[in-house]
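# What the coordinates show
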Amino acid sequence: AESVPLNARLRDSLPHTAREMWDELNPWGTASVEIRVERDGEDIDYEAAVEFTDCNADIKAFPMRIYGITGKVVVTRDSISIEGVKCLVNNAPGWITGIIEGDMSSPRILVTGEIRGMPLDQALRNALPEGDRKTWDEYSPRGKVDLTIVVSKEEKSADPPKVTVEAEAKGDASIEYE
């Protein structure tokens, strides 16, 4: 199906774990969806390929709107593969790739996001937790940075996913200690 609206009706039709993931991502827009279902006796196997064409998201764990999302996500019974997803964050281009696999109640996660030329501006400052905003105010960063964000977790681990953020300053980036 082409130009499928990412709306409450679609969300409500998903299995429980997929609805939980939907709620974490808060997507809207349209996508093309291709679904393949195979049945062997009692065993049902499926694959859903979702090609984002004009999507946006408000991810709970990342407090800045992600828009202009394009690319492909393939969902099976035991994996979610993120393939060449592109987006914009605060007018900076981004890319997301990765895999979520295994027992979906506690999967292995390895997802990498990159944002190139992220402005160190008020919108980014406002997205930070309060303690980090105080540090921001103390150092007054300016300019742009390239960010690499890696989310990882071992399957069946009781620990929350580990988030690693690396920032590389671009030519005009600076800090001013006050």
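Calculation notes
- Residues numbered from 1 in each chain as written.
- Predicted model: local features only at pLDDT ≥ 70, side-chain atom pairs only at ≥ 80, totals over all residues.
- Heavy atoms only, no water.
- Helix = DSSP H or I, 4+ residues; strand = E, 2+ residues; numbered from the N terminus.
- Buried < 20%, exposed > 50% of the residue type's maximum accessible area, 1.4 Å probe, protein only.
- Contact = heavy atoms within 4.5 Å.
- Pairing = 2+ DSSP bridges.
- Salt bridge = Lys/Arg side-chain N within 4 Å of Asp/Glu carboxyl O.
- Disulfide = S-S within 2.5 Å.
- pLDDT = per-residue confidence, 0-100.
- Core = buried A, V, L, I, M, F, W, Y, C linked by side-chain atoms within 4.5 Å.

Attention now goes to the environment of Tyr139. Tracing the sequence through the fold places Tyr139 in helix α4 (residues 130-139). For Tyr139, a relative accessible area of 32% gives the class partly exposed. In sequence terms Tyr139 and Ile175 are 36 residues apart; their C-alpha atoms lie 5.5 Å from each other. Apart from the residues within four sequence positions on either side, Tyr139 is in contact with Ile175, Glu176 and Tyr177.

What follows is about the environment of Leu120. Residue position: Leu120 is located in the loop between β7 (108-119) and α3 (122-127). Relative accessible area serves as the criterion here: at 16%, Leu120 is assigned to the buried category. Through-space distance from the C-alpha of Leu120 to that of Trp136 is 9.7 Å; in sequence the pair is 16 residues apart. Beyond its immediate sequence surroundings of up to four residues, Leu120 is in contact with Trp136, Pro141, Arg142, Gly143, Lys144 and Val145.

This part is about the pairing of strand β3 (residues 43-57). Bridge count for strand β2 (residues 27-40) against β3 is 14 bridges, and the pairing is antiparallel. The residue bridging Gly29 from the neighbouring strand is Cys55, located in β3. Between the antiparallel neighbours β2 and β3 lie two residues, among them Gly41 with a positive phi of about 65°. Here nine bridges tie β3 to strand β4 (residues 66-76), and the two strands are oriented antiparallel to one another. Following the sheet pairing, Cys55 is matched in β4 by Ile69.

What follows concerns the pattern of salt bridges. One pass over the full model with this rule turns up 13 salt bridges. With a shortest N-O distance of 3.1 Å, Lys170 and Asp146 are connected by a salt bridge. Linking Lys170 in the segment after β9 (162-169) with Asp146 in strand β8 (residues 144-153), this pair joins segments that are 24 residues apart in sequence. On the basis of relative accessible area, Lys170 is assigned to the partly exposed category, the value being 32%. On the basis of relative accessibility, which here comes to 11%, the residue Asp146 falls in the buried class.

It is worth spelling out the state of the cysteines at this point. Inspection of the entire model under this criterion finds zero disulfides. No disulfide involves Cys55; its sulfur sits 11 Å from that of Cys87, the nearest cysteine. Exposure remark for Cys55: the relative accessible area of 2% places this residue in the buried category.

This next bit is on the sheet that holds strand β6 (residues 92-101). Read from one edge of the open sheet, nine strands run β1-β2-β3-β4-β5-β6-β7-β8-β9, paired in antiparallel fashion. At either end of the open sheet lies a strand with only one pairing partner, and these are β1 (4-5) and β9. Sheet topology places β4 next to strand β5 (residues 79-89); eight bridges connect them, and they run antiparallel. Pairing of Val74 across the sheet is with Ser81, part of β5.

Another point: the environment of Asp78. Structurally, the position occupied by Asp78 is in the loop between β4 and β5. Once the C-alpha coordinates of Asp78 and Ala167 are considered, the two residues, 89 residues apart in sequence, prove to be 33 Å apart. Filtering out sequence-adjacent residues up to four positions away, Asp78 remains in contact with Ile100, Glu101, Gly102 and Met104.

On average, the chain scores 90 in pLDDT, and the residues at 70 or more come to 99%. Mean pLDDT across the secondary structure elements of the chain bottoms out at helix α2 (residues 16-25), with 82, and peaks at β6, with 95.

To continue, consider the nonpolar core. Ranked by size, the top nonpolar core spans 31 residues in total, and within it Phe52, Ile69, Val89, Ile115 and Met118 carry the most contacts. Considering each element in turn, this core owes the most residues, five residues, to β5. The contact partners of Phe52, leaving out residues within four places of it in the chain, are Leu6, Thr30, Ala31, Ile69, Thr70, Gly71 and Val73.

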